[in-house]
Structure formats: structure tokens, C-alpha cells
Amino acid sequence: MREVEEAIATLLLGDPSADTAAAMAVCREQEPVLWVPPLEGWYVTRFDDVRDLFSDPRTTADPRAHLAYEAPVTERGRHWVGAFPFLSEDPGTEARGRVMATRGLSRQGTTRLESLVTEVVDEYADAIRDASGVVDLVAQFAAPVPATVVSRWTGVPQGSDEAQFRELAHKAVRGASPVLTPKKRRKTEMAQVALSEAILELARKRVADPRDDLLSDLIAASGGEDELDEIVRVVVGLVCTGAETTVRATTNSVRILLARPDLRKRLVDEPGIMMRALHEMMRYEAPLTHMARFAARDFELRGKRVRKGQLLLLSIQAAQRDPSVFTDPDTIDFDREPENLLAFGRGAHYCVGANLAWLQLDCMMRALLGLLPENARLLEDQIWWGGRGVLGRVKTLPVDFS
Ligand code: HEM
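Caption draft 1: Fine view of helix α14 (residues 274-284). Here α14 lies mainly inside the structure; 8 of its 11 residues are buried. Buried residues belonging to α14 abut α12 (228-259), α13 (261-269) and α16 (354-371).

Below, the structure written as C-alpha cells:
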């Protein structure tokens, strides 16, 4: 048991840049469903359990089912943040957000999204193409590209509005975590309200003056102004889930390729394997390392008594390194069959933006491979990490272009 306690301490509190494969293996083998007091929740690490729990009717994704759920404190918070167009499992509403988002994505059409993504990637790639010295690839590329794509897609006007929108979205995005302190939760609530109201203002303009964007499309396809608030919630949901996840996938892939010149060379020589390579890098380093589920009732899991309302933290990262499913799981293998990926979830809440994410990642990585000088070097010891352990993430990616 001591070994498991040490492993979980490494996973939750350890150096975020450290290799966690060994600690995850200890949990997966010895305590695959482990109660973790600081999380007040169960940490689940085996592939089969994580896959099944994504769509197990004994659990729900709705954060309101969590014993520790705190309702928004203000009336505006309750109006905008207390309703869940995506994770909600309220009868009759469970698929509303999905239907609207899917409608938005398909009405926009792949060709339109492709040209938007290419335009934004080119804009940011051109700005660093001939850079010399140290470039922070998060600030100058990985972060602004997906945020700009999602804001232009939505219909935010380019220029100062775009920057303000990105800032609000960045603050609002932290609300996705089930383990926030009350203080952080309130700050996130304020940012989510501000973002919702900014989008509502924009939506009102689009009612009067429709354009070629997602907001106008959703308004045109809806039952009119009565549905405006719901449209705003859906768009806020997309903004909050769409940008940060893609940033993480990009930074993980860049880190891998700069640490492994052999893999980078292979991708340059064989650009046709890009999608398989992205798939494998996303298996090896899951952009969202964990996803939350909450027990909808008491039930038993691998001999443990899970109580209604308790948190189950599904470790996508540990599941995607499970040797019972992946041969030699701690090795990056671009020839591996692209199957059993859990990085986009499973079942009813499978990522609605997965196609857009693949499109952006493909375009971003091709641009980066084309512009990085051959001897570009990642200054690994100068990376700034936010958070501890597996919940930590890269905030800066300083790359020496000289
Ligand atoms: C590499 C990038 C991305 C990753 C790794 C990712 C990952 C995920 C995962 C794991 C889920 C499942 C959540 C759950 O089961 O509780 C999810 C759901 C979702 N994702 Fe993504 N995502 C990415 C990009 C995007 C983008 C670009 C968008 C939209 C613009 C998006 C929008 C959503 C939405 C709205 C949901 C909720 C679906 C629902 O509850 O029905 N994601 N994503």
C-alpha cells in the first residue's frame, strides 16, 4: 500500500515535467480504483474501467450530481453558468448542446472551416517563420491559433474585440475542473458570466445583421430570439472546451518532436503519416489527462463501494498506457494502429469538436515542421509549468531558433 501512496503523491504533487509512467503503472496494477483523500474522489486507471465509465449509466457527467457541487452564487451566474447545454443529463435536454454544436459545425462545412484554419495558422506561422533567438511557441503560436479560430468561427470581429474575447475565454476555461478552490470557482464564474454577456451582445447584433459565422447560423436555425440565451450557452461551452485542449495537444506534440529528432525527421520525410503520428502522440500524452464522472447512485467497482455523488476521476493518461491494450505502451510508435484512443472521450459526450481539432492539429503541425530550423532546440529547463503532477501543464515552450 505504501508504494501506491507514494505513486499517487507523485502523480498529484510531483514535478509536472517528470515521467509518470511508473507511478501510473503502480496504481493500475495494485489499486486500479483508488480513493484519494485530497481529491475526495476515486482515481481510476485501467483502460477497460475508464472506457466503460465514460458511458456507464451508474455515473453521470453532470457536475450538479457531485456532492461538492457549488451552485453559482450570483443570479447572473445561475442564469449563465448554472445551466449545462453539454454535460447536462436532465431529461429532454441532454443532447441540446450537441445538436446545436453539430448543426453549427456541419452548416459551417468542412471547406469553410478548412480555409479559416489555414488562414489563421498561416497568419501566426508567418509571424515566427524567420525568427531568430528564443521563441515561446505557446504564446506566439499554440495558444493564439485555436483561440483565434474559435473566435472567428463564432463571429467575433477581428481586432481589439478578438483580443478581449481571448482574454475572457482564457479566464472562463478554468471552470471545467471539478477540483477548484471556492475562490477560484467564483473568479471563474465571474469570467464565464462576462464571456456569456459579451457573446449575448454579439448575438443581438447578429439577429439584426446576420453574417457568415456560427452565431448567425445558429440564430437562423433556431426558434428565434427566445433561444438566444441557449445559443450563447452553447457557444460559451464550445469556446471553453475548444481552445485550451488544442493548445495542450500542440504543445505535447512539439515537445515530443523536439526531444526526438528521429520522429521529427520521419514526419518531415513522410508527411502522409501525420494523422497516425498525431493519434499516437495523443495516446502517449493525453491533452486532457483526466475527465470527471459522478456516481449517479451507490455501486460497486472492483470491490470498492462508490457512493452516490462521489467524484470518479478517469485517468485517460493511465488508460492509454495500459499494457493490456497497448503493446509496449510507454514507447511512441508511429506505426501503431490508430485505435482505442480515449483522448476525445467515449459515448454520449464524445468530443463534438474532434474533427475541428484534427483539422487544426494537422495544419498547425505541418506549418511548424515547415518553419522550425533544423537545429531548433527546446529549452526544457526554462519551460514554465502551471500546476503540479499530472494536472500540471506547459505554459511556455521556449524554443531556440538560432
Ligand atoms: C485536441 C483537442 C481536444 C481534445 C483532446 C478534446 C477532448 C474532449 C474530451 C475527452 C471530451 C469528453 C468529455 C466527457 O466525456 O466528459 C470532450 C468533449 C467535448 N469537446 Fe472536446 N476536445 C478537443 C477539442 C475540442 C474542440 C476544438 C471543440 C469545439 C470547438 C471541443 C468541444 C467539446 C464539447 C462541446 C464537448 C462536450 C460534449 C458533450 O458533453 O456532449 N473539443 N472533448
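Caption draft 2: Up close: the pairing of strand β8 (residues 311-315). Burial analysis of β8 places 5 of its 5 residues in the buried class, the great majority of the element. Neither face of β8 is open: one carries L311, L313 and S315, the other L312 and L314, and all of them are buried. Direction of pairing for strand β2 (residues 41-44) relative to β8: parallel, over a ladder of 4 bridges. By the bridge assignment for β8, Y43 is matched with L313. Two strands pair when backbone bridges link them, and strand β5 (residues 290-295) and β8 are joined in this way by 5 bridges, in the antiparallel orientation.

Caption draft 3: Highlighting the sheet that holds β8. Spatially, β1-β2-β8-β5-β3 is the arrangement adopted by the 5 strands of the open sheet, whose pairing is mixed. Edge strands, defined here as strands with exactly one partner in the open sheet, are β1 (33-36) and β3 (59-60).

Caption draft 4: Main features of the environment of V4. For V4, the location among the structural elements is in helix α1 (residues 2-13). Spatially, the C-alpha atoms of V4 and R129 are 47 Å apart, while their sequence positions differ by 125 residues. Residues contacting V4, with those up to four places away along its chain left out, are V26, C27, Q30, E31 and L34.

Caption draft 5: Region of the structure containing the environment of R51. Tracing the backbone through its elements, the reader meets R51 in helix α3 (residues 47-54). Given 20 C-beta atoms within a 10 Å radius, R51 is considered buried. In sequence terms R51 and A319 are 268 residues apart; their C-alpha atoms lie 8.2 Å from each other. Here R51 is in contact with A319, L342 and R346, once residues within four sequence places are set aside.

Caption draft 6: Quick look at the packing of helix α6 (residues 110-128) against α16. Between α6 and α16, the shortest axis-to-axis distance is 10 Å and the interhelical angle comes to 30°. The pairing of α6 with α16 is recorded here as roughly parallel in orientation. The two elements α6 and α16 cross, and the hand of that crossing is right-handed. On α16, the residues that touch L113, E114, V117, T118, V121, A125 and I128 of α6 are L356, L359, Q360, C363, M364, A367 and L371.

Calculation criteria
- Residues numbered from 1 in each chain as written.
- Predicted model: local features only at pLDDT ≥ 70, side-chain atom pairs only at ≥ 80, totals over all residues.
- Buried ≥ 20, exposed ≤ 12 C-beta atoms within 10 Å, placed from the backbone.
- Helix = DSSP H or I, 4+ residues; strand = E, 2+ residues; numbered from the N terminus.
- Contact = placed C-beta atoms within 7 Å.
- Pairing = 2+ DSSP bridges.
- Axes fitted to C-alpha atoms, helices over the stretch in contact; angles between N-to-C directions.
- Parallel < 35°, antiparallel > 145°, perpendicular 65-115°, else oblique.
- Left-handed = near helix turned anticlockwise from the far one by under 90°.

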